[in-house]
Each structure stands twice: as structure tokens, then as C-alpha cells.
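Given next are the chains, with one letter for each unit.
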Amino acid sequence: MSLTFATEKQVAVAAVRRACLLTSSVFNKLVKNETLTKGDKSPVTVGDYSAQAVISTILQHAFPADPIVGEEDAADLRVDSGANLRDRIITLANEALTGELELGENSEWGIGPGQEKTAAELLDAIDRGNHSGGSTGRMWTIDPIDGTKGFLRGEQYAVCLSLIVNAQVQVGVIGCPNLPVNPEKPEFGQGCIFVAVRGHGAEQMSLSGAHPTPLRIPAFTSSTLSFLESVEAAHSSHSFNDQVSSLLGITHSPIRMDSQAKYGCLARGEGGAYLRMPTGVGYQEKIWDHAPGAILIEEAGGVVSDSRGDPLNFGLGRTLGENYGVVAAGKDVHRRVLDAVQKARAEAKSKA
Ligand SMILES: Nc1ncnc2c1ncn2[C@@H]1O[C@H](COP(=O)(O)O)[C@@H](O)[C@H]1OP(=O)(O)O
Ligand SMILES: [Mg+2]
Ligand SMILES: [Mg+2]
Ligand SMILES: [Mg+2]
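Position labels on residues start from 1 in each chain and follow its written sequence. Written order determines the labels here, with chains lettered from A and ligands numbered from 1. Residues qualify for local features only when their pLDDT is at least 70, as the model is predicted, and side-chain atom pairs are given and counted only at 80 or more; totals for whole chains, interfaces and linings, by contrast, use all residues. With hydrogens and water excluded, all non-hydrogen atoms of the structure serve as input to the side-chain values.

A. Structural detail: the environment of Gly-133. The secondary structure listing takes helices from DSSP runs of H or I that are at least 4 residues long and strands from runs of E that are at least 2 residues long, numbered from the N terminus. Checked against the element boundaries, Gly-133 lands in the loop between α5 (119-127) and β4 (138-146). Along the sequence, Gly-133 and His-238 sit 105 residues apart, while their C-alpha atoms lie 31 Å from each other. The residues contacting Gly-133, other than those within four sequence positions of it, are Val-69, Met-139 and Gly-317. When checking whether two residues touch, look at their non-hydrogen atoms; a contact exists if any pair is within 4.5 Å.

B. Up close: the coordination of the magnesium ion (ligand 3). Coordination here is defined by N, O and S atoms within 2.8 Å of the metal (3.2 Å for Na, K and Ca), and since water is not considered, a site can look incomplete. The protein atoms that coordinate the magnesium ion (ligand 3) are Glu-71 (OE), Asp-143 (OD) and Ile-145 (O), at distances spanning 2.0 to 2.2 Å. All donors to the magnesium ion (ligand 3) come from one chain, and their sequence spacing reads E-x71-D-x1-I. A gap of 3.7 Å separates the magnesium ion (ligand 3) and the magnesium ion (ligand 2), which Asp-143 links by coordinating each metal. With a gap of 72 residues between them, Glu-71 in the loop between β3 (68-70) and α3 (75-78) and Asp-143 in strand β4 connect regions that are remote in the sequence. Partly exposed residues are those whose accessible area sits between 20% and 50% of the maximum for their type, while under 20% is buried and over 50% is exposed, using a 1.4 Å probe and protein chains only. Relative accessible area serves as the criterion here: at 1%, Asp-143 is assigned to the buried category.

C. Region of the structure containing the packing of aromatic side chains. Note on aromatic pairs: the rings of Phe, Tyr and Trp (six-membered ring only in Trp) are paired at centre separations within 6.5 Å, and the planes decide the class, stacked below 30 degrees, edge-to-face beyond 60, tilted for the rest. Applying the stated criterion to the full structure yields four aromatic pairs. Ring centres of Phe-27 and Phe-151 lie 5.7 Å apart, and the angle between their planes is 65°; this geometry places the pair in the edge-to-face category. Remark: Phe-151 occurs in helix α6 (residues 148-153) and Phe-27 occurs in helix α1 (residues 6-29); sequence separation between them is 124 residues. With relative accessibility at 0%, the residue Phe-151 sits in the buried group. By way of ring pairs, the aromatic residues Phe-27, Phe-151 and Tyr-157 are connected into one cluster.

D. The sheet that holds strand β13 (residues 302-305), seen in detail. Whether two strands pair depends on DSSP finding at least two bridges between them. The strand order across the open sheet formed by five strands is β11-β10-β12-β14-β13, and the pairing between neighbours is mixed. Looking at strand neighbours, the two that pair on one side only are β11 (255-256) and β13, the edges of this open sheet. Pairing geometry for strand β10 (residues 226-229) and strand β12 (residues 272-276), over three bridges, is parallel. Looking at β12, one finds that Ser-226 is bridged to Gly-272. Against the sheet, helix α7 (residues 238-248) engages β10, β11 and β12, with an angle of about 165° to β10. Lines fitted to C-alpha atoms define the axes here, with helix axes fitted over just the stretch in contact, and angles between the N-to-C directions of these axes take values from 0 to 180 degrees. Sheet strands in contact with helix α10 (residues 331-351) are β10, β12, β13 and β14 (326-330), and its direction is about 145° off that of β14.

E. Broad picture of the environment of Asp-289. As for its position among the elements, Asp-289 is in the loop between β12 and α9 (291-299). Overall, the relative accessible area of 12% leaves Asp-289 in the buried class. Spatially, the C-alpha atoms of Asp-289 and Gln-190 are 22 Å apart, while their sequence positions differ by 99 residues. When residues no more than four places from it in sequence are discounted, the contact partners of Asp-289 are Asp-143, Asp-146, Gln-260, Tyr-263 and Tyr-283.

F. The sheet that holds strand β7 (residues 190-197), seen in detail. A sheet is described by the order of its strands in space; here seven strands give the open sequence β3-β4-β5-β6-β7-β8-β9, paired in mixed fashion. The open sheet has two edge strands, β3 and β9 (213-214), and neither has a second partner. Sheet analysis places β4 next to strand β5 (residues 158-165), joined by seven bridges and oriented antiparallel. Bridge pairing links Asp-143 to Cys-160 in β5. Along the sheet face, helix α2 (residues 46-62) touches β3, β4 and β5 and points at about 155° away from the line of β4.

Below is the structure:
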């Protein structure tokens, strides 16, 4: 039997839960000058920075020897022009860290009343996410807000955490504060956490950690399938997905959603396939954008690969290397989508 990673799972769920409470409360108070534009033109908010500070602080207390591959770094907060943002981030992170202990949480993880951290400690916590990745040993990945553009629109986003050991994802946690608990029962409200442990299945629970429900991807036919895809056309090719849809005889429109919430929805039986093909050359997918989602799908009985059918390689560094896209689905649908992807690529080549 594979390791249960029981403590890692408990710590990861607690960290993601606290970060989700932070990001959802920050959204309602977000003001214009609390968002920066990074070197690659993508947005980053006080929510991204403070959520990474919270998760990294908790990991550092619980697993001090484990390196972290995190999306954000504190460079822009350490300069004079970042002072206002920095103060706000320190306040938000400390609010989230010092909230009352919930069932399953432990004060040794640096959380609970009286556990305020200094500005220096929290900036260092953000910067602990600078690990370069690689194929050996334990490491955590943090995407404090995945789908920042969705977050800013008030739509879907996800707080994402994974544990990778020797290039294999072992634990994945995805918190989706804006996602309906059950799309067919709006009265159940919104806010879910998806959790997977290698060899021990995938589950969905409420943001409070209640009602854990095992997840299994059901079977789909062409008439019940619809692709899950990015809202942002720059992140994955919508037109290529349309072509693959036609080849498969899919009649439903795609479901557009930001972030790894797509993996969560796929794992619980929505859509039936997630297809993410590059829109151009040059962009390399980041490991924190796929590691938690990949284990969630595999533990829900599905398959995740690139468009050649090869598994995603989480041992290459901070990225997945050359971008061959991502295909995720239940086993049978995965095979059919891969075949159609290859056919669509061949058609595109013959027209070129
Ligand atoms: N050109 C690109 N191709 C694919 N993904 C991208 C690209 N640019 C940014 N991303 C990343 O896509 C993720 C969101 O995916 P989705 O569109 O499915 O919600 C984000 O992590 C975002 O990174 P970043 O966090 O740097 O903005
Ligand atoms: Mg991301
Ligand atoms: Mg992010
Ligand atoms: Mg980002």
C-alpha cells in the first residue's frame, strides 16, 4: 500500500483553507492600486502575495526541510515603491495566520491566535518559493491564486498546492472559493476544496473541510461531452478545441472557466475532457499550474498527458519544458481525444 501522507494532507488542506478565506475576503475589499503587473504582463494582487506568504509560513513550520516552488516572489515588495502594498500584505497574511484553530489544525504549524509574524518573516516566506525544482527529493508547489484574471473578474480561480516526491505528485489540494458545491443544487452555495493523495483517491469537501465526498470520473459519449477550456484565448487555443470537437462529433459548447477549477470540475464529472493546446511558441507551462490538477484527475480514475500521449514531467524544473499541451479526461475519452488531436494536427500541417 502506498504512503498515506496523512500529515501532509492535513497541513495542505489547512493551508489552502486559510488562504481561500483570505482571498475571498480580499476580493470584496480590493482597490485599484492593489494590483501590479509582472514582467510577463500578467497581473498579481495583494491576494496572490499574502496567500503565498500564508501557505509558505505554514509549510515552513510543519516541514522545515522541504523546498518550495512558488509562483510569486517578494522583489517588488522590498523596494520603497512597494511599501503600501507590503503593509497591506503583512496585515492580510497575519489575519489569516492568527485565526482561531479549527478541527484538525495544530498550533505547531505557526497558526492560531498570537502567532503574528514580522514583515521580514513574511517576505522571506514568500521568497522561500524560489526553489528551482528538479527530479529528486521532496518539494511543494504553490500557486497562491491560479487564474488571477478570473479572480479579478469575480469568476473562477483556485488556490493550489502540491507535494512532489522524486518528480511524482503525491498530494494535491485545489481550493475553489467561487465554485458551486453542486452545480445542480445552487442552494448548497459555493466554495470547495479538492484533495487527492496518490493511491488513496480523490475527494471534494466544503471550504470548512466538511462533507468529504469521493470523486470518480463517469463515462461520456460524444453527445454528452463538452470540453473544459480557458476563458483566456491567449492561454489555450479555442479554435483548435473547436476543430477537435467537430472531429469527435461533440455538439455541446465548451465550458469556459479560469484556473485549475477545470480539473476539479472534470474530476467530479463535469464536461468530460480538458484540452489545453498552446497558442504559439515560447510559453512553457509551470509545474504549479498542473501538478495538483494532474493527481486529482489520476486519482479520480482519469488520465493526464501532453498531446503526444506522454505523461507530464514534473521533474524538469519550474516548468514542464517544451509545450505540447495538456489533455485530461477519463481513460476512454482520453484515448479518443488524443486520436482526434493528432488528426487535427495532421490536417493543420497538410493545409500549411
Ligand atoms: N501564454 C500562455 N499560455 C498558457 N498559459 C498561460 C499563458 N500565459 C499565462 N498562462 C497561465 O495560465 C494560467 C491560467 O490558466 P487558465 O487560462 O486556464 O485559467 C495561469 O497560471 C497563467 O499564468 P499567470 O499566473 O502567470 O497569469
Ligand atoms: Mg497559475
Ligand atoms: Mg497564480
Ligand atoms: Mg499569475
